[in-house]
Amino acid sequence: MFDTIVERIKQKKRTIKFPDDKISLPTNYRGLPRISESTENCNSCETKLCTNSCPTKAINYIVDTRKIKIDLGKCIFCLQCIQNCPTNTISFSKNYRLSTSTRADLFCSPDLSLSEYKLATALHKSSLKIFGRSLQLREVSAGGCNACEADTNVLNTLSFDLARFGIKFVASPRHADGILVTGPVSKNMHLALIKTYNSIPSPKFVIAVGACAISGGIFQEASEAHNGFDDENLQDIHVDLFIPGCPPHPLTILDGLLRLIGKKI
Ligand code: SF4
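Conventions used here
Residues numbered from 1 in each chain as written. Predicted model: local features only at pLDDT ≥ 70, side-chain atom pairs only at ≥ 80, totals over all residues. Heavy atoms only, no water. Helix = DSSP H or I, 4+ residues; strand = E, 2+ residues; numbered from the N terminus. Rg over C-alpha atoms; globule rule 2.2 N^0.38 Å. Buried < 20%, exposed > 50% of the residue type's maximum accessible area, 1.4 Å probe, protein only. Contact = heavy atoms within 4.5 Å. Areas by Shrake-Rupley, 256 points an atom, 1.4 Å probe, with all protein chains shown as cover. Near = heavy atom within 4 Å. Nonpolar A, V, L, I, M, F, W, Y, C, P; charged D, E, K, R; others polar. Phe/Tyr/Trp six-rings, centres within 6.5 Å; stacked < 30°, edge-to-face > 60°. 1 Å grid on protein atoms, 1.4 Å probe; cavity = no way out; pocket = protein on both sides within 12 Å on 5 of 7 lines; lining within 4 Å. Points joined across faces, edges and corners; volume = space filled by probe spheres on them. Patch = residues over 30% accessible without salt bridge, like charges linked within 9 Å, V, L, I, M, F, W, Y side chains within 5 Å. Salt bridge = Lys/Arg side-chain N within 4 Å of Asp/Glu carboxyl O. Lys, Arg positive; Asp, Glu negative; His and termini not counted. Charge placed at Lys NZ, Arg CZ, Asp CG, Glu CD. Core = buried A, V, L, I, M, F, W, Y, C linked by side-chain atoms within 4.5 Å. Pairing = 2+ DSSP bridges. Right-handed = clockwise from strand over helix to strand, strands pointing away. Axes fitted to C-alpha atoms, helices over the stretch in contact; angles between N-to-C directions.

Novice: Would you mind showing me how to read the overall build of the chain here?
Specialist: Check the secondary structure of the chain and you find nine helices and 10 strands. Whereas a compact globule of 265 residues would reach a radius of gyration of roughly 18 Å, the chain reaches 20 Å, a difference of no more than 12%. With respect to the principal axes defined by its C-alpha atoms, the chain has extents near 65 × 45 × 35 Å. Relative to its full complement of 265 residues, the chain shows a buried share of 46%. A fraction of 74% describes how many contacts in the chain between residues 6 or more apart in sequence connect residues 24 or more apart. Here the chain displays about 13,900 Å² of accessible surface, and carbon together with sulfur accounts for 51% of that area.

Novice: Could you clarify how one ought to interpret the site of the ligand in this entry?
Specialist: In the vicinity of the ligand, the contacting residues are Cys54, Pro55, Thr56, Ile59, Cys75, Ile76, Phe77, Cys78, Leu79, Gln80, Cys81 and Phe92. Here the residues of the shell around the ligand are counted per class, giving 10 nonpolar, two polar and no charged.

Novice: Honestly, the packing of aromatic side chains in this entry has me stumped. Any pointers?
Specialist: Think of a pair of aromatic rings as described by two things: how far the centres are apart, and how the planes are tilted against each other in angle. Applying the stated criterion across every chain yields a total of three aromatic pairs. Each ring, one from Phe131 and one from Phe205, has its centre 5.1 Å from the other, and the planes form 75°; the classification is edge-to-face. With a gap of 74 residues between them, Phe131 in helix H5 (residues 125-131) and Phe205 in strand S9 (residues 205-209) connect regions that are remote in the sequence. The residues Phe131 and Phe205 share a single accessibility class, namely buried.

Novice: Looking at this model, I keep getting lost on the layout of surface pockets. Mind explaining?
Specialist: Rolling a probe over the atoms, with the probe sized like a water molecule, indicates the empty space that remains. Estimated volume of the largest pocket: approximately 210 Å³. A breakdown of the residues in the lining of the largest pocket according to their chemical character gives eight nonpolar, four polar and two charged. What the second largest pocket holds in volume is close to 160 Å³. Considering the residues around the second largest pocket, the lining is formed by Ser101, Thr102, Arg103, Ile214, Phe229, Asp230, Leu234, Gln235, Ile237, His238, Val239 and Phe242.

Novice: Any chance you could explain a positive patch on the surface here in plain terms?
Specialist: A cluster of basic residues, Arg8, Lys13, Arg14, Lys17 and Arg164, forms a positive patch at the surface. Within the element layout of this structure, Lys17 appears in the loop between helix H1 (2-11) and strand S1 (33-35).

Novice: Got a minute to help me understand H1 in this structure?
Specialist: Residue pairs spaced three or four apart in an α-helix point in one direction, given the helix's 3.6 residues per turn. In terms of residue burial, H1 counts as a barely covered element, since only zero of its 10 residues are buried. Within two residues after H1, Lys12 carries a phi angle of roughly 60°, on the positive side.

Novice: How do you make sense of the nonpolar core when you look at a structure like this?
Specialist: Nonpolar side chains tend toward joint burial in soluble globular proteins. In terms of nonpolar packing, the biggest core is built from 38 residues, with Ile59, Ile70, Leu72, Ile90, Ile179, Leu193 and Phe229 touching the most fellow members. Looking at this core, the elements with two or more residues in it are strand S3 (67-71), strand S4 (90-92), strand S8 (178-182), helix H7 (187-199), S9 and helix H8 (211-215). Filtering out sequence-adjacent residues up to four positions away, Leu193 remains in contact with Val140, Ile179, Val181, Val185, Phe229 and Leu234. With 28 residues, the next largest nonpolar core counts Leu137, Phe165, Val209 and Ile243 among its residues.

Novice: Which parts of the structure should I look at to understand the pairing of strand S6 (residues 135-141)?
Specialist: The side chains of a regular strand alternate between the sheet's two faces. Note: S6 against strand S7 (residues 167-169), three bridges, orientation parallel. Counted as the bridge partner of Leu135 is Ile167 from S7. In the classification by handedness, the crossover that spans S6, the intervening helix H6 (residues 147-153) and the parallel S7 is right-handed. Direction of pairing for S6 relative to S8: parallel, over a ladder of five bridges. By the bridge assignment, Val140 is partnered in S8 with Val181.

Novice: Hey, could you run me through unusual backbone geometry in this one?
Specialist: Working note: non-glycine residues mostly have negative phi, and peptide bonds are mostly trans. The step from Ser202 to Pro203 runs through a cis peptide bond, and the omega angle for that step is -5°. With respect to the secondary-structure elements, Pro203 resides in the loop between H7 and S9.

Novice: What is the right way to look at the pattern of salt bridges in this model?
Specialist: Note that side chains of opposite charge can pair when their charged atoms are close. For the coordinates displayed, the defined rule picks out four salt bridges. Note that Arg97 is salt-bridged to Asp255, the shortest N-O span being 2.5 Å. In this pair, Arg97 sits in the loop between S4 and strand S5 (107-108) while Asp255 sits in helix H9 (residues 250-260), placing the two residues 158 residues apart along the sequence. Assessed through its relative accessible area of 0%, Asp255 is described here as buried.

Novice: For this particular structure, what's the right way to read the sheet that holds S9?
Specialist: Spatially, the five strands line up as an open sheet ordered S7-S6-S8-S9-S10, and their pairing is parallel. Bordering the open sheet on either side are S7 and strand S10 (241-243), each of which pairs with just one other strand. Here the strands of the sheet are splayed against their neighbours by 25° on average, with no regard to which way each runs. Most of the contacts of H9 go to S10, to which it runs at about 165°, and overall it touches S6, S7, S8, S9 and S10.

In C-alpha cells form, the structure reads like this:
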C-alpha cells in the first residue's frame, strides 16, 4: 500500500490539460495539408504524379484554375503525393484541428490559409441545452480496421479522461444521444448501423470518424463495402461532425467532440 502511494506521488497527475497544455506531437505527425499558392508549381508540372499516386483519389487537379485541391474526407495522410511531387507544392502542417461540420468544408485548396479552414461549429443552442453538459455516445465500428476505434477508445484513458468533459460511451443506443461511426460501412454492417441509428431517441446526431466512415477511404468502390457516408445508401442520415484522418489522432477526435458541444477550445 505504502509503495503504491509513493509511486502515485512520483507519477503525479497524468491527465493532459487539454486544450491548455502545450501539445507535443510526434515528429512524423501529419496534420492539415498546405498547398503552395504559386500556380507556377502545378502549371510547370506535366506529370500530375500527385493525383496519379494518391491511393484514395483525394487530389483533384482543377483544369480551369490549374491548381490542386485535397479532399481531407478521402486523404489517408500517406505522403505519396509529397514523395511524387517534383515541385514541392504539397506539405503537411502540424495542425491537428481538422474536424468540420460539413462535408464541403473538408476540401483544402491553395487559396485557403490555415486560419481560413472552416473548423466544426457547435450544435444549435437548443441542442446544446440538452447535450452541452452531458453527452452519451454509442460507437459503431462499421467494418473498420480498428485504428480509428483504438484512437477513440484511448480518449477514455487517464491521459485524456474524456468523462471530465461530460462525454461518455454507452453500450445501448437507447441510452445514447448520438452515434459515432468508424469504418467504411461494410455491407454486413449496413443494417446493424441503420438499426442502431434508429434506436437512438431524437434529437440525435451523427459523428463520422476517419476517412473510411466519411468516404470509404481505401475501400472506396469495394464490392463488399459502402463508401462511408458519401454512399448513396446512407444519404438519409445527416452527419453533424466529420473528423478526418487515417486514423485521426486522439486529439483531433477530442477537439472535434468539444467543438460540437461548444466547449471553449
Ligand atoms: S497524403 Fe492524402 S492526398 Fe497525399 S497521396 Fe496520400 S491520401 Fe492522397
